[in-house]
Amino acid sequence: MLKQRLIASIIVKDGFAVQSFGFRRFLPIGSPAIAAEHFNRWSADEIFLLDISASREQRGPDIDLIAAVAAHTFVPLTYAGGIRSVADAVTAIKGGADKVAVNTAALNNPTILRQLAERLGSQCVVAAIDARRDQDGAARAFGAGGTQASGQFVEDVARAGGALGAGEILVNSIDCDGARNGFDLQLLSDIAAAVDLPIIAMGGAGMPEHLVAVLRLPGISAVAIGNLLHHTEHSLLKMRAAVLKAGIDLRHETYSDYRTHPIDDFGRLRMYPGEELSALQFSYHAEEAI
Amino acid sequence: MTEVTIVDYGMGNLTSVAHAFEFLGARTRRATTANEVSVAEVLVLPGVGAYPQAMEHLRATGLQEALFRRVIDDRRPILGICLGMQLLAESSEENGYCDGLGWLSGQVRPIPVPSGVPLPHVGWNSVDWRWDNASLSAALPDGAHFYFDHSFALLNTDADILATTDYGGEVVVAVAQDNVMGMQFHPEKSQNNGLKLLRGFLNLAAEYERC
């Protein structure tokens, strides 16, 4: 059975991995390559590398950044940020990315998705949509990191992306980004109803129950997690354990199994009761040699 | 130490494949010319991209002919991954009908899925290994997951079916026919399971050397 996916997002601004808040404020974290190394070890199903400086600096993909991140990952790497042409996408792929995600360029010229699909194959092309709701509540697509209003409804953009050959749709909520209050479930449901493609949800993760709510929606194939993964050892492993315990079908192939460990609502480990701690025995697990 | 020659026909990401084999201690080289293919011990045909373009690249660069000599005449082992496996088949219907290399029996067609099941088949799926071969898949845990990202699959094959998965029905995902092997998933992107499988492939290739 195909499993749903937990995707680790690494957002890069000016060469630093950052946390993002509403697409406007950013907190520096550190080296993108080290983040990738951790997420790979912590059993990420995929890694999403988003360079938010590329568009603003009007340049294509940073090959050194992609190569540095790819060097640590034995899981698929999707690259986004400043892909303006097929040549840019090929550069990213040759640098080490496995898929490319395109947002702004596709809003300005949707046929780029068809060109990318013809050159790289649909399975390599993710149509990324940044969504913001306006006063009337309608969700519209924005480019250039939330600064360029396209005026188009997200469902229309998603439908067009699918028709032009995108393999997956990535939906990021600008309103929910960094707020840790959960995802825009209505937005995701609306898009899932509009297209027949796997959908990746992004924007708003604060607690494991948010991930569970998203993954229970029909049509949602994956959830991309950003801010929440930083600052905590084994963050993604604990998220995975909490989501598995809620009955969501995820891959679980790691010796670090937190499913039997008490975890609080925020995904933090609870301390074992004293008697259990006293009874614990420790065994040594050598790193598996493949 | 085994040297793995990765065929570079301009389609996609060789880095992941090279990285995985190097992690396992093999030497890797990239072949872009017929000469480089002609001295290859073990060949890997990776691929991400569109079928007709890939076949055209192989033809135009002379790699197709060089591969024929090395694989069919000299019988060196070759592993096709994802699009690479599909290229080894007789034909594909991606972007219109196109002949493949024809070294694996079967045709590449859209994965037969019931309505409501989306394509591409993308993500981690559990794989059932049929072939009980100690060198290839014995190190894998039961129901080991591998990463898939494809809309087309090999149908109607007479090759040995090594593994299948379930996506809207049974899908053949690994086959072997003499010295030609194909994997529809991406072992180089399937973390430890993938690495173990590639270790198995290297072991098989080394056994092949000794025969």
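> Any details on empty space enclosed by the protein? Residues and values, ideally.
For the structure shown, the criterion picks out four cavities of 30 Å³ or more. In this structure, the largest cavity occupies an estimated 130 Å³ of space. Class assignment for the residues of the lining of the largest cavity results in seven nonpolar, five polar and two charged. The volume enclosed by the second largest cavity comes to roughly 70 Å³. Lining the second largest cavity, in full, are Pro76, Asp98, Lys99, Gln123 and Cys124 of chain A together with Val48, Tyr147, Asp149, His186 and Lys189 of chain B. When the residues that make up the lining of the second largest cavity are grouped by side-chain class, the tally is four nonpolar, two polar and four charged.

> Outline the packing of aromatic side chains, supporting the account with residue identities and numerical values.
Applying the stated rule across the entire model yields nine aromatic pairs over all chains. On the numbers, 5.9 Å between centres and 75° between planes, the contact of Trp124 of chain B with Tyr147 of chain B is edge-to-face. Residue Trp124 of chain B is found in strand 8 (residues 121-129), and its partner Tyr147 of chain B is found in strand 9 (residues 145-150); the two are separated by 23 residues along the sequence. A relative accessible area of 1% means that Trp124 of chain B is categorised as buried. The exposure class assigned to Tyr147 of chain B is buried, which follows from its relative accessible area of 1%. Between the aromatic rings of Phe148 of chain B and Phe185 of chain B, the centroid separation amounts to 5.7 Å while the plane-to-plane angle is 80°, which identifies the pairing as edge-to-face. With Phe148 of chain B in strand 9 and Phe185 of chain B in the loop between strand 13 (180-183) and helix 6 (191-210), the pair connects residues that are 37 residues apart, well separated along the chain. Each member of the pair, Phe148 of chain B together with Phe185 of chain B, is buried. Here the aromatic residues Trp129, Phe146, Phe148 and Phe185 of chain B are joined through ring pairs into a cluster of three or more. The positively charged end of Arg132 of chain A is found above the aromatic ring belonging to Phe142 of chain A, 4.7 Å away from the centroid.

> Provide a residue-level description of the side chain of Ser126 of chain B, including the pertinent values.
Looking at where Ser126 of chain B falls in the secondary structure, it is placed in strand 8. Looking at Ser126 of chain B, its side chain comes within polar contact range of the main-chain nitrogen of Met1 of chain A, at 3.2 Å.

Basis of the calculations
Residues numbered from 1 in each chain as written. Chains lettered and ligands numbered in written order. Predicted model: local features only at pLDDT ≥ 70, side-chain atom pairs only at ≥ 80, totals over all residues. Heavy atoms only, no water. 1 Å grid on protein atoms, 1.4 Å probe; cavity = no way out; pocket = protein on both sides within 12 Å on 5 of 7 lines; lining within 4 Å. Points joined across faces, edges and corners; volume = space filled by probe spheres on them. Nonpolar A, V, L, I, M, F, W, Y, C, P; charged D, E, K, R; others polar. Phe/Tyr/Trp six-rings, centres within 6.5 Å; stacked < 30°, edge-to-face > 60°. Helix = DSSP H or I, 4+ residues; strand = E, 2+ residues; numbered from the N terminus. Buried < 20%, exposed > 50% of the residue type's maximum accessible area, 1.4 Å probe, protein only. Lys NZ or Arg CZ within 6 Å of the ring centre and 35° of its normal. Polar contact = N/O pair within 3.5 Å; in protein donor to acceptor, adjacent residues only side chain to side chain.

From the geometry alone we can't say anything about function, so treat these as descriptive.
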